[in-house]
Amino acid sequence: MTTREPAQPETREALSFCRQCMGMCGTVVTLDSDDHVVSVRGDREDPSTLGYACFKGLNASEAHNSPDRILRPLKRMPNGHLEPIELETALDEIASKLAELLESDGPEAIAGYRGGGAFFTSSSVMMLPAFLQAIGSPKAYSSVTIDQSAKEVAVGRLGVWPPGRTPFSRADVCLLVGANPLLSVSANGFDTRNPTKRLRAARERGMKLIVIDPRRTETAQHADVHLQPLPGEDCTLLAGLLHIVLKEGWQDQDFCERYADDIEALERAVSRFSPEAVARRADVPAETLREAARLFACECSTGSAAGATGPDMSPGGNLAEHLIECLNVVCGRYLREGDEIEHPGVIHARHPIIAEVIPAPRWWEHGYKSRIGGFGQFSGELPTGTLPDEILEPGPGRVRALISHGGNPMSAIPEIEKVERAFEALDLLVAIEPSMSMTAQMADYILPPTLQYERADLPVWLWESLASPEPYTRYTPAVAQPPEDSCVRDDHYYFWAIAKRLGLELRLFDEPLDMHTAPTTDEILARTARDAPLPFEEIQSAERGVLLDQEKQFVEPGDPESPHRFSLVPTDVAEELRCFEELLSRSTSDEDGFGYRMAVRRMRDSNNSAGLELPSIKKRVPVNPAFMNPEDMAMEGLSEGDAVEITSRHGAIRARVTADPTLRRRVVSITHGFGKLPRDKTSYEDAGVSTNWLTSLDATARETINAMPWMSGFPLSIRRADDA
Ligand SMILES: Nc1nc2c(c(=O)[nH]1)N[C@H]1C(S)=C(S)[C@@H](COP(=O)(O)OP(=O)(O)OC[C@H]3O[C@@H](n4cnc5c(=O)[nH]c(N)nc54)[C@H](O)[C@@H]3O)O[C@H]1N2
Ligand SMILES: Nc1nc2c(c(=O)[nH]1)N[C@H]1C(S)=C(S)[C@@H](COP(=O)(O)OP(=O)(O)OC[C@H]3O[C@@H](n4cnc5c(=O)[nH]c(N)nc54)[C@H](O)[C@@H]3O)O[C@H]1N2
Ligand code: SF4
Ligand SMILES: [Mo]
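Residues numbered from 1 in each chain as written. Chains lettered and ligands numbered in written order. Predicted model: local features only at pLDDT ≥ 70, side-chain atom pairs only at ≥ 80, totals over all residues. Heavy atoms only, no water.

**With respect to the overall build of the protein chain**
Counting its regular elements, the protein chain contains 27 helices and 24 strands. The globule rule puts the C-alpha radius of gyration for 724 residues at 27 Å, and the 25 Å found for the protein chain is close to it. Taken along the three principal axes of its C-alpha coordinates, the protein chain extends 70 × 65 × 60 Å. Taking all 724 residues of the protein chain together, 60% fall into the buried category. Put simply, 75% of the contacts in the protein chain that link residues at least 6 apart link residues at least 24 apart. Counting only carbon and sulfur atoms, one obtains 49% of the accessible surface of the protein chain, whose full area is about 27000 Å². Placing the 76 positive and 110 negative side-chain charges of the protein chain at their respective mean positions leaves the two points 3 Å apart. (Helix = DSSP H or I, 4+ residues; strand = E, 2+ residues; numbered from the N terminus. Rg over C-alpha atoms; globule rule 2.2 N^0.38 Å. Buried < 20%, exposed > 50% of the residue type's maximum accessible area, 1.4 Å probe, protein only. Contact = heavy atoms within 4.5 Å. Areas by Shrake-Rupley, 256 points an atom, 1.4 Å probe, with all protein chains shown as cover. Lys, Arg positive; Asp, Glu negative; His and termini not counted. Charge placed at Lys NZ, Arg CZ, Asp CG, Glu CD.)

Encoded structure:
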């Protein structure tokens, strides 16, 4: 059904979609006569992504056919080397080690971590949580809590508005804080299905764009107003915007009266953030700040503010996200009674959506608490910033085994030396992983998965309404075959097979799995889509997906007597607002020669730590350079390509400096995911360097509530490396 006319003799084409990021770009995959991926191109007829595909997506054939791909299960031998092992033997050994640990230490000794590779595999994304639930372990972790969990903290403290923000398609204005969707294809208040095209169309219908980013990014280049603050100053800036809005009376008075009862408290709390005070601190022109406030709150009446990794990874990230959401509340930038809901759910069941505040749920204050710092759970997971201590800290409940599913926690978690120490201390580390990542290099067992075009799938459904503003989904069959002589499985099999050996029953979506016969991928996907408004077979047979917009859904009226309101300034937020400058001064002080600040960033042609060793990616981005403003380079006497030593309060790295005129002064911007294990002495010249030498898991270098370690906005010093 998905087979097209042959492009060349011996090849055929099949329709599918890319699963390396939230973009979910529709693709045409060329396959040879053995069904191996020859090449990939964007599908111009794709109704959702309109032909877009980036360099990483176009190079997917390389990962599939890479000579370095792990194609058979590997086991660490007593001599320290990883050697091939029969799959069923590996599963027996893993299960028996887990059984032993369960017996001696109980379920809390077994932890799991999910990364990007797991989240973008729809048939397997819920298997690790199901597995941990079956053994009774609360030790579930993922990349989410070292990413943008500040958003969960924000709505958890503020209250939830079930209809959501006014969507991008109907926005007069879009305010982005530390987000670069034109490069990252990562959605939040944006339409990332071919983001450049979608932005252009929105601009043509008159949408205004405001960007707050220390860099004149690909996205900021389209902005009507661009504020270029020092990193780590979003709380300052956002408090300043709120101050102007409330002082000028630009708030949505009706919405505020009805749904927010501590607006005066908010006004008082931000009263000291005058445009001049903000301008001084964040180093932006006061007039541009006023212009941004006027455009967002006065000249436009629909469209919302959204933050991404920039604010969420900086000191005060939880407060920054709270203030972003306050801006939306104060200006009433939410769907109201009678408004159409663009994405009422495809995979997620549809429910009536009511215009009424759900009062601050503060999920993390209920239920299980970690023995490390007393942290609570976020969507069923503990903060990843506490995982290394869970492994290292002696006592009952110590984590002794870790299953890493489609992630590279060794690279992703801050304070790389501590993470290495922690992983060395594990009795068992299992990685479901296709490449020799830093985590795989430390693993006791590596179980190799099929890659994207070798497995049937649905687009990322956990965040389906972020990935597509329309109720759209599609199915792809496995279009390619894994390489000959390989022994790879769709990831879910590994969890099922280990659970079966442990005599456990796995439950997926509240229903038990048959523990006698392994489920097929299609069976799991059908169960995943069981609430979809049409039969799974119809989703399967629609070759470019289905748009389920026949049955419109509208926001239903709330109870006029409802006493529930947003909590704009709950006690902890008030306290953070009162003393965040103190916190920032502590964490971002320019004293002691720390004259620069870190800015996280992504690079177009690499994706976190994945695929960096593939020749085409290696050719484009051999290492992660340290980007600096050319005037700062001149001031430091640095020329293009000079080696520099970059020092934070916690560590130092070396990198080659590259001029980036789009970056404001006093900032060093360098991407994460590169480099080698601390024990590996490969030079930064060959493999780049991990920025997690500069970060820390210490309580003084992370957020409260979600233990989010600071990865941006912290102080740095820089000097030429050869006089180090
Ligand atoms: N200092 C610093 N640290 C950071 C960040 C930062 O900006 N600065 N960013 C943070 C963020 S936002 C994130 S999301 C995390 C990244 O956290 P992770 O998701 O843990 O890390 P990735 O590097 O994306 O690793 C993905 C892994 O999945 C593997 N993989 C690829 N395809 C497949 C597949 O089909 N199946 C399976 N099973 N595996 C596959 C890849 O080989 C790779 O090893 O890092 C965080 N850490
Ligand atoms: N090509 C590519 N795409 C990716 C990834 C990748 O590695 N490569 N990673 C994926 C992942 S895991 C994620 S989470 C998403 C992230 O998606 P985004 O959050 O959009 O990531 P970035 O493109 O790095 O944009 C973050 C911006 O924040 C700015 N910034 C840094 N510090 C601050 C600050 O303190 N305040 C403000 N206001 N801005 C600041 C940076 O200059 C940068 O432009 O991208 C995903 N997409
Ligand atoms: S933007 Fe994301 S989904 Fe689209 S081709 Fe690139 S990596 Fe794949
Ligand atoms: Mo991320």
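**A word on the site of ligand 2**
Neighbouring residues of ligand 2: 32 residues in total, closest Ser184, Asp213, Asp234, Thr309 and Ser606. At 3.5 Å, a backbone N or O of Gly310 approaches an oxygen atom of ligand 2. If ligand 2 stood free it would expose 920 Å²; the protein chains cover 94% of that surface. When contributions to the shell around ligand 2 are tallied by element, the ones reaching two or more residues are α7 (181–184) and α14 (309–312). Along the lines of polarity and charge, the residues of the shell around ligand 2 split into 10 nonpolar, 14 polar and 8 charged. Residue assignment places the shell around ligand 2 across two domains, with domain 2 (171–339 + 566–571) and domain 3 (589–720) each supplying three or more. (Near = heavy atom within 4 Å. Polar contact = N/O pair within 3.5 Å; in protein donor to acceptor, adjacent residues only side chain to side chain. Nonpolar A, V, L, I, M, F, W, Y, C, P; charged D, E, K, R; others polar. Domains from an automatic or database assignment.)

**Digging into the packing of helix α6 (residues 150–158) against helix α15 (residues 317–330)**
Running from N to C, α6 and α15 cross one another at 55 degrees; their axes reach a closest spacing of 8 Å. Looking at the two axes, α6 sits oblique to α15. Along this stretch, α6 crosses α15, giving a crossing that reads as right-handed. Across the interface between the two elements, Ala150, Lys151, Val153, Ala154, Val155, Arg157 and Leu158 of α6 pack against Gly317, Asn318, Leu319, Glu321, His322, Glu325, Cys326 and Val329 of α15. Partitioning the contact of α6 with α15 into residue classes produces 8 nonpolar, 3 polar and 4 charged. (Axes fitted to C-alpha atoms, helices over the stretch in contact; angles between N-to-C directions. Parallel < 35°, antiparallel > 145°, perpendicular 65-115°, else oblique. Left-handed = near helix turned anticlockwise from the far one by under 90°.)

**A look at the sheet that holds strand β21 (residues 643–647)**
Judged by pairing direction, the barrel is mixed, and its 6 strands sit side by side in the order β19-β23-β20-β22-β21-β24 before closing back on the first. The sheet shows a mean angle of 45 degrees between the axes of neighbouring strands, taken without regard to direction. (Pairing = 2+ DSSP bridges.)

**Remarks on the pattern of salt bridges**
Applying the stated rule across the entire model yields 53 salt bridges. Note that Asp457 and Arg19 form a salt bridge whose closest N and O atoms lie 3.1 Å from each other. Of this pair, Asp457 sits in the loop between β14 (445–447) and α20 (464–467) while Arg19 sits in the loop between β1 (12–17) and β2 (26–31); the two residues are 438 residues apart in sequence, bridging distant segments of the chain. Residue Asp457 shares its accessibility class with Arg19, and that shared class is buried. (Salt bridge = Lys/Arg side-chain N within 4 Å of Asp/Glu carboxyl O.)

**Considerations on the site of ligand 3**
Surveying the vicinity of ligand 3 reveals the residues Cys18, Gln20, Cys21, Gly23, Met24, Cys25, Tyr52, Ala53, Cys54, Gly57 and Val185. Residue classes in the shell around ligand 3 are distributed as 8 nonpolar, 3 polar and no charged.

**Describing helix α22 (residues 521–528)**
Regarding α22, the residues found buried are Thr521, Ile524, Leu525, Arg527 and Thr528. Buried residues in α22, looked at end-on, bunch into an arc of 160 degrees, giving them a common side. (Arc of directions from axis to C-beta.)

**Some remarks on the nonpolar core**
With 61 residues, the main nonpolar core has Phe566 and Leu568 as its most contacted residues. When residues no more than four places from it in sequence are discounted, the contact partners of Leu568 are Leu158, Ala260, Asp262, Ile263, Leu266, His322, Cys326, Val329 and Val573. Of all hydrophobic cores here, the second largest spans 38 residues; its members include Leu91, Met127, Cys487 and Tyr494. (Core = buried A, V, L, I, M, F, W, Y, C linked by side-chain atoms within 4.5 Å.)

**Looking at the pairing of strand β12 (residues 401–405)**
Along β12, 5 of the 5 residues are buried, which leaves the element largely enclosed by surrounding structure. Side chains Ala401, Ile403 and His405 of β12 all project onto a buried face; the interleaved residues Leu402 and Ser404 project onto the opposite face, where all are buried too. Pairing analysis gives 5 bridges linking strand β6 (residues 110–114) to β12, with the strands arranged parallel. Counterpart to Tyr113 in the pairing with β12 is Ser404. One ladder, built from 5 bridges, connects β12 with strand β13 (residues 428–432); its direction is parallel. Bridged to Ile403 within β13 is Val430.

**Overview of the sheet that holds β12**
The mixed open sheet is built from 7 strands, whose spatial order is β5-β4-β14-β13-β12-β6-β7. Looking at the sheet topology across the chains shown, the edges are occupied by β5 (82–84) and β7 (140–142). On average, each strand axis in the sheet is inclined to that of its neighbour by 20 degrees, with strand direction left out of account. The strands that helix α5 (residues 127–135) touches are β6, β7 and β12; relative to β6, the one it contacts most, it runs at about 165 degrees.

**Focus on the packing of aromatic side chains**
Following the criterion strictly, the structure yields 18 aromatic pairs and no others. An angle of 45 degrees between the planes, with centres 4.8 Å apart, marks the rings of Phe168 and Phe190 as tilted. With a gap of 22 residues between them, Phe168 in the loop between α6 and β8 (173–177) and Phe190 in the loop between α7 and α8 (195–204) connect regions that are remote in the sequence. An aromatic cluster is defined as three or more aromatic residues linked by ring pairs; in this entry it consists of Trp161, Phe255, Tyr259, Tyr334 and Phe566. Sitting over the face of the ring of Tyr493, Arg489 holds its NZ or CZ atom 5.9 Å from the ring centroid. Directly above the aromatic system of Phe627 lies the positively charged group of Arg601, at a separation of 4.1 Å from the ring centroid. (Phe/Tyr/Trp six-rings, centres within 6.5 Å; stacked < 30°, edge-to-face > 60°. Lys NZ or Arg CZ within 6 Å of the ring centre and 35° of its normal.)

**Focus: the domain arrangement of the protein chain**
Segmenting the protein chain into domains produces domain 1 (74–143 + 367–537), domain 2 (171–339 + 566–571) and domain 3 (589–720). Between the C-alpha centres of domain 1 and domain 2 there is a distance of 37 Å. Buried area between domain 1 and domain 2, summed over both chains or domains, comes out near 360 Å², and the portion from carbon and sulfur atoms is 50%. Broken down residue by residue, the surface that domain 1 buries against domain 2 is led by Leu466, Ala467 and Pro469, which jointly contribute 81%. Across the contact surface, domain 1 and domain 2 share 1 salt bridge. (Buried area = accessible area lost by both parts, 1.4 Å probe.)

**Quick word on the environment of Pro344**
As for its placement among the helices and strands, Pro344 is situated in the loop between α15 and α16 (387–392). You can call Pro344 buried: its relative accessible area is 9%. Expressed as a C-alpha distance, the spacing of Pro344 and Ile524, which sit 180 residues apart in the sequence, is 22 Å. Ignoring anything within four residues of it in the chain, the contact list for Pro344 reads Ala349, Arg350, Pro471 and Gln553.

**Examining the packing of helix α9 (residues 234–248) against helix α13 (residues 286–299)**
Running from amino to carboxyl end, α9 crosses α13 at an angle of 60 degrees, the nearest separation of the two axes being 9 Å. Considering their axes alone, α9 and α13 lie oblique with respect to each other. Crossing hand, α9 versus α13: right-handed. Note on element contacts: α13 touches α9 through Leu289, Arg290, Ala292, Ala293 and Ala297, opposite Leu237, Gly240, Leu241, Ile244 and Val245. For the contact of α9 with α13, a count of residues per class yields 8 nonpolar, 1 polar and 1 charged.

**Things to note about α5**
Three or more residues of α5 are buried, namely Met127, Leu128, Ala130, Phe131, Leu132 and Ile135. Close packing links the buried residues of α5 with α3 (87–105), β6, β7, β12, α21 (492–501) and β16 (507–508). The first or second residue beyond α5 is Gly136, which carries a positive phi of 85 degrees.

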